[in-house]
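Summary of structural features
Here is what each chain is made of, one letter per residue.
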Amino acid sequence: MSKAVKLADIAQQAGVSAVTVSKALSGQKGVSDGMRTKIRQLAGEMGYVKAPQEKTAQRGSYTIGVVVAERYLGGPTSFYLHLYQELSQRAMRKNCFTMLEIISFADEHHNQMPRIITGEKVDAVVFMGTFSLRYAQFLRRNIRLPYILLDTLTDEEDYDTVVSNNMMGAYRMTNYLFKMGHSKIGFVGTRLATASIDDRYLGYVKSLMQHGVRGREEWVIDDRDRETGQSDYERHYLLPEKEDMPTAFFCNNDIAAMVMVRRLTECGYDVPGDVSIVGFDNFINEPFPKIGITTYEINTKEMAKRSIHILLHKLENPDYSTGVYMIDGRFVERESVVRAGMPVPFV
């Protein structure tokens, strides 16, 4: 009995990837008419026959690329590694697989198209987190696959995006500090470094304004380099002078919150006795330092679920679009905040 012809056999003869062969034979987009005709002719000449289980798999089995900038993966506590795990698990439940590509600073600077795209390794793409404006525009001009933006917003309206409700989450966390009697509240996060930080900063400012409190520039503390996204403990997290020290800080994420606890402790402050701290994300499993951080939990499971759902629909219907899909999180109270006085009312 002759050996069954596989997609890889046809791909080798055609000089393309197995993904391209699969698309051509199943009628998916992303293959030129000439190449589609060539592949189908080769398949017929080679005696290719789809197995029943292969037909079933092809109807809903895709490889989904996930592309993220290197600056977001600085350690095992990276939020985006956590989010990628959620995407991978959700994709597997839908009989799909994920493939991660990390874009280096050099590749981003030189407008290098992700290799999983140029190598035709994937059927659709999730762009996770913020890229430089120039690189983001380059990707949108040149990508031909279905794709979605995850945890970032664009100033253009015709893109499908899944984001957490960063501004309202930050607004709620800052309101909580006012409710606990704090009126001198600082912000930790480098503005213009990411869209998420900017949205959280705007939520913080909105709360200050509604409580009649004027924001002070010396209370806004950088946590990273604006261009590279890298954090340097010696250059960042620099505290105000003691006489200008806020009684509380809203930190743009939990890592920044924990580093602030370290910095404050080293400088002789008690947390939360002298200075209260709140964060954002709630994805770190083990407390460090040994204090639970009051935070706003991002619903990463729902973000992953919604992203995969949208991509699968886009693969089946090129005209499918959802626009911006914003997902609320939830407040998580722990011991990093103490009451400083009577609640500060809205003006």
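This report concerns the structure included in the present document.

Rules behind the numbers
Residues numbered from 1 in each chain as written. Predicted model: local features only at pLDDT ≥ 70, side-chain atom pairs only at ≥ 80, totals over all residues. Heavy atoms only, no water. Core = buried A, V, L, I, M, F, W, Y, C linked by side-chain atoms within 4.5 Å. Buried < 20%, exposed > 50% of the residue type's maximum accessible area, 1.4 Å probe, protein only. Helix = DSSP H or I, 4+ residues; strand = E, 2+ residues; numbered from the N terminus. Contact = heavy atoms within 4.5 Å. Axes fitted to C-alpha atoms, helices over the stretch in contact; angles between N-to-C directions. Parallel < 35°, antiparallel > 145°, perpendicular 65-115°, else oblique. Nonpolar A, V, L, I, M, F, W, Y, C, P; charged D, E, K, R; others polar. Pairing = 2+ DSSP bridges. Salt bridge = Lys/Arg side-chain N within 4 Å of Asp/Glu carboxyl O.

Thoughts on the nonpolar core
- In terms of nonpolar packing, the biggest core is built from 69 residues, with V125, F127, M128 and F250 touching the most fellow members.
- Looking at this core, the element that brings in the most residues is helix α12 (residues 300-316), giving 7 residues.
- Leaving out residues up to four positions away in the same chain, F127 has contacts with V67, I117, L139, I143, Y147, I148, L149 and L150.
- With 20 residues, the next largest nonpolar core counts V188, M258, M260 and V261 among its residues.

Details of the packing of helix α1 (residues 7-14) against helix α2 (residues 18-26)
- The N-to-C vectors of α1 and α2 enclose an angle of 105°; their axes lie 8 Å apart at closest approach. Overall, the two elements α1 and α2 adopt an arrangement that is roughly perpendicular. Touching L7, I10 and A11 of α1 are A18, V21, S22 and L25, all from α2.
- Tallied by class, residues from the contact of α1 with α2 come to 6 nonpolar, 1 polar and no charged.

Let's talk about the pairing of strand β5 (residues 161-164)
- Burial along β5 is two-sided: T161 and V163 facing one way and V162 and S164 facing the other are all buried.
- Two strands pair when backbone bridges link them, and strand β4 (residues 147-150) and β5 are joined in this way by 2 bridges, in the parallel orientation. Within the sheet, the bridge partner assigned to L149 lies in β5 and is T161.
- As paired elements, β5 and strand β11 (residues 324-327) share 4 bridges and run parallel to each other. What sits directly across from T161, in β11, is V324.

Overview of the pattern of salt bridges
- By the definition in use, this model includes 13 salt bridges.
- Between R115 and D107 there is a salt bridge, with the nearest N and O atoms lying 3.0 Å from each other.
- Its relative accessible area of 16% is what places D107 among the buried residues.
- Ionic pairing is found between E266 and R262, a salt bridge with its closest N-O pair at 3.2 Å. Highlighted residues: E266 and R262, both in helix α11 (residues 254-266), separated by 4 residues, approximately one helical turn.
- For R262, a relative accessible area of 43% translates into the label partly exposed.
- In this structure, a network of salt bridges that share partners links the residues E101, D107 and R115.

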